[in-house]
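A look at the structure
Spelled out from the first residue to the last, the chains are:
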Amino acid sequence: MKKLPLCYQQIYRKPFFKTGFFVFLKMQHITGTSRHQMRISSLEDAIAFDNQVRFIDAFVGFVDFTKLGFACQTLKCEGRPSYQNKVFLKIYLYGYLNGIRSSRKLEKECIRNIEMQWLLEDISPNYHSISDFRKDNPLALKNLFKLYVLFLKDSELVSGETIAIDGTKSRAHNSKKANFNQKKIDKHLEYIEAKTQQYLDALESNDTQENPFKIQNIQQKIARLQQNKLRYELLEEKLKASGEPQISTTDSDARALLVQGQVVEISFNIQAAVDSKHNLVVATHTINRNDRNALSAIAIEAKENLEIQTYTALVDKGYHNGREIETCKNQNITTIVAHQEQGKSNQNGTQPDYLVSKFSYDTTTDTYTCPQGETLRTTGRWHKKTGEKDSYEFKKYRTPVCKTCPVKDQCTSRTAGREIDRSQYAQAVEENNKRYQENLQLYRKRQEINEHIFGTIKRQWGYNHTNLTGLEKVNGEHSLIMLVYNIKRSINILGVTELIAKLKKWNPPYKAKVLFLLKTEYIKLQLAFFLGHPKLVA
C-alpha cells in the first residue's frame, strides 16, 4: 500500500477511518448550493451598490429624450404597447460597456443576464427593436455624447485648457472588391473586351468544326461578360455624376483611406479631441477623408461642446494645413501643429543651408532676405493654385541678383534663379511653427493624451470596425462608443457612488432652461394679477 502523507496518517490510525477519511477528502473542495434550493430575494439584492449599472440607470433617468432628438415612441390605442426609449438606451450603454454591440446578442443578455434584468426591470425586447433604435437615432446619440461632456465639465473632470486632437480609421461595412475608382473600372472593362474577343475567336473556330455544346457554352460566357460590362458602365456613370474620385457599392459613404504606410482599407476616419486633465473625449465626429482638411471642424466642435473661449490644441503633422490653421486662429484657438520641413535638399539643386526655412521674411517691407543677404521682392500680384488637396492664393518673390550669385548652384537649379511662393495663410502657419519649436516638451504629451484611447477602443474592446452603413449612422455609433469610453473612465476616476452623487446635484442645460421658463411664466402671472387689481397694488 502506498504511503499516505503525514496529515492523513493520523486519520488512518483512528477507528473511524473507513467513513471519516472519505468525509475528510470530500471537505477539501468548496461545495455549491443546490439548484433546487428556494430563495426569497429581489433583483435589488443581487446588484452591488457600486455596480456600473446603477450609474447607467441614474444617467438615463436624467436624459430628456425629446430635447435630445430621440425618435418619439407614441402610445398606441390598439395592439401591443411600444417600449420606452430609455429601455433601448440602457441596453446599448450596458452592451457597449461590456463589449457587446450585436442586437441579437443583446437580446440574449436581456434574458440571461441578471444585471440587465435589474437595469430593464425584467423587460426583454426583441433584437429587431433593439437594432432599429441605434439606426433611427444617430443625431440624438451625438447630442447625448455632448450632454455627457457638459456633465464632465461641470463635475470638473475636464479643464478645457490643453486638448490633443487625432484620428483613427475604422473599417467600413464595404469590401475592397466593392470599391471602385476610374482606373479600376477601366481595368475591368479592358479585361472584358479582351476576354470577349477571345471567346468570339473561339466561337468562330467552333463554328467551322460544328460543335454545338462548345458553341452554347461560349455564348453563355459572352452573355455573362456583356452583363458585367453593362454593370461597370453604370458604375462609371455614377462615379462621374458624384464628382468623387471613388465609389463604394455596399456603403456609398465608405472610402479607400490610407491606414498605415502603403496599407489601404475601405474605412471611415474617427476624429477625437481629448482633454489633458483626465484624458476624456470632449469632441468627436466621423469623416470619410484623410486628416489634412479636418483640423478646424473638430477643434471648433471641442470649443463649442465645452462652451469655452479659447484653448491650446496639440495636433500631429498630418493635420498641417494653412487654411485650417488660420481658421482655428480666427476662432481664438491656439494651435501647436507639428510641421514638415519646408522644401527638400537634393544633390543637383537646393542644399540644406538654402531651404525656404533659412530665408527670413520682413512683414513691414513684404520681402524675403536670402542667406547671402540679397532681398527677394514681389510684384504684389496674387496667383491661384487649385488642386485636389488644397486651393489657395500666393505671391511670388524673386531677385535678379540670383542669376549672378556665386552659390546659385547650391540654392536652385532654375535658370531664372530662386523663386519663393508665399501663401495667403503664411502668417498663421509661421506663428504656429514658432509655437511648435518653443513648446516641444508640451507637444510630446500629445501621444500620452490621446493615442491610448484608440488603442483601448480598437484593441481591447474590439471596436475596430462598424457594421452600420451610411456616414450619419456610423457617426451615431462612434459617438456612442466615445460616450461609453467617457463613462467607463469617469467611473474609474471617481467611482460609481461619487459619480451618481455628482449627477444628482447636476442641473442639465435643458432642465435649467425649463426652470427659467417656469420662473418667467410665474412672474408674468404675478404681474397680470397685480395689474388687474390696482387697489391691491396701492
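Throughout what follows, the structure given in this document is the object of discussion.

Analysis parameters
- Residues numbered from 1 in each chain as written.
- Predicted model: local features only at pLDDT ≥ 70, side-chain atom pairs only at ≥ 80, totals over all residues.
- Heavy atoms only, no water.
- Pairing = 2+ DSSP bridges.
- Helix = DSSP H or I, 4+ residues; strand = E, 2+ residues; numbered from the N terminus.
- Axes fitted to C-alpha atoms, helices over the stretch in contact; angles between N-to-C directions.
- Parallel < 35°, antiparallel > 145°, perpendicular 65-115°, else oblique.
- Left-handed = near helix turned anticlockwise from the far one by under 90°.
- Contact = heavy atoms within 4.5 Å.
- Nonpolar A, V, L, I, M, F, W, Y, C, P; charged D, E, K, R; others polar.
- Expected span 1.5 Å × (residues − 1).
- Buried < 20%, exposed > 50% of the residue type's maximum accessible area, 1.4 Å probe, protein only.

**As for the sheet that holds strand S13 (residues 391-397)**
Taken in spatial order, the three strands of this open sheet run S12-S13-S14, and their pairing is antiparallel. Whereas interior strands pair on both sides, the edge strands pair on one side only; in this sheet they are strand S12 (383-386) and strand S14 (420-423). Taken pair by pair, the neighbouring strands of this sheet meet at an average axis angle of 40 degrees, ignoring direction. Two strands pair when backbone bridges link them, and S13 and S14 are joined in this way by four bridges, in the antiparallel orientation. Bridge assignment links tyrosine 397 to a residue of S14, and that residue is isoleucine 420.

**Here we look at the packing of helix H10 (residues 138-154) against helix H19 (residues 471-494)**
The N-to-C vectors of H10 and H19 enclose an angle of 25 degrees; their axes lie 8 Å apart at closest approach. It follows that H10 is roughly parallel to H19 by the angle criterion. H19 is crossed by H10, and the crossing has left-handed handedness. For the pair formed by H10 and H19, the contact residues are Pro138, Leu139, Leu141, Lys142, Leu144, Phe145, Tyr148, Val149 and Leu152 on the first element and Glu472, Lys473, Gly476, Ser479, Leu480, Met482, Leu483, Asn486, Ile487 and Ser490 on the second. Of the residues contributing to the contact of H10 with H19, the split by class is twelve nonpolar, four polar and three charged.

**Some remarks on helix H13 (residues 295-306)**
The terminal C-alpha atoms of H13 lie 17 Å apart, and with twelve residues this matches the ideal 16 Å at 1.5 Å per residue to within 8%. Within H13, ten of the twelve residues are buried, leaving the element largely enclosed by the surrounding structure. Within H13 the residues assigned to the buried category are Leu295, Ser296, Ile298, Ala299, Ile300, Glu301, Ala302, Lys303, Asn305 and Leu306. Looking one or two places after H13, you find glutamate 307, whose phi comes out positive at around 55 degrees.

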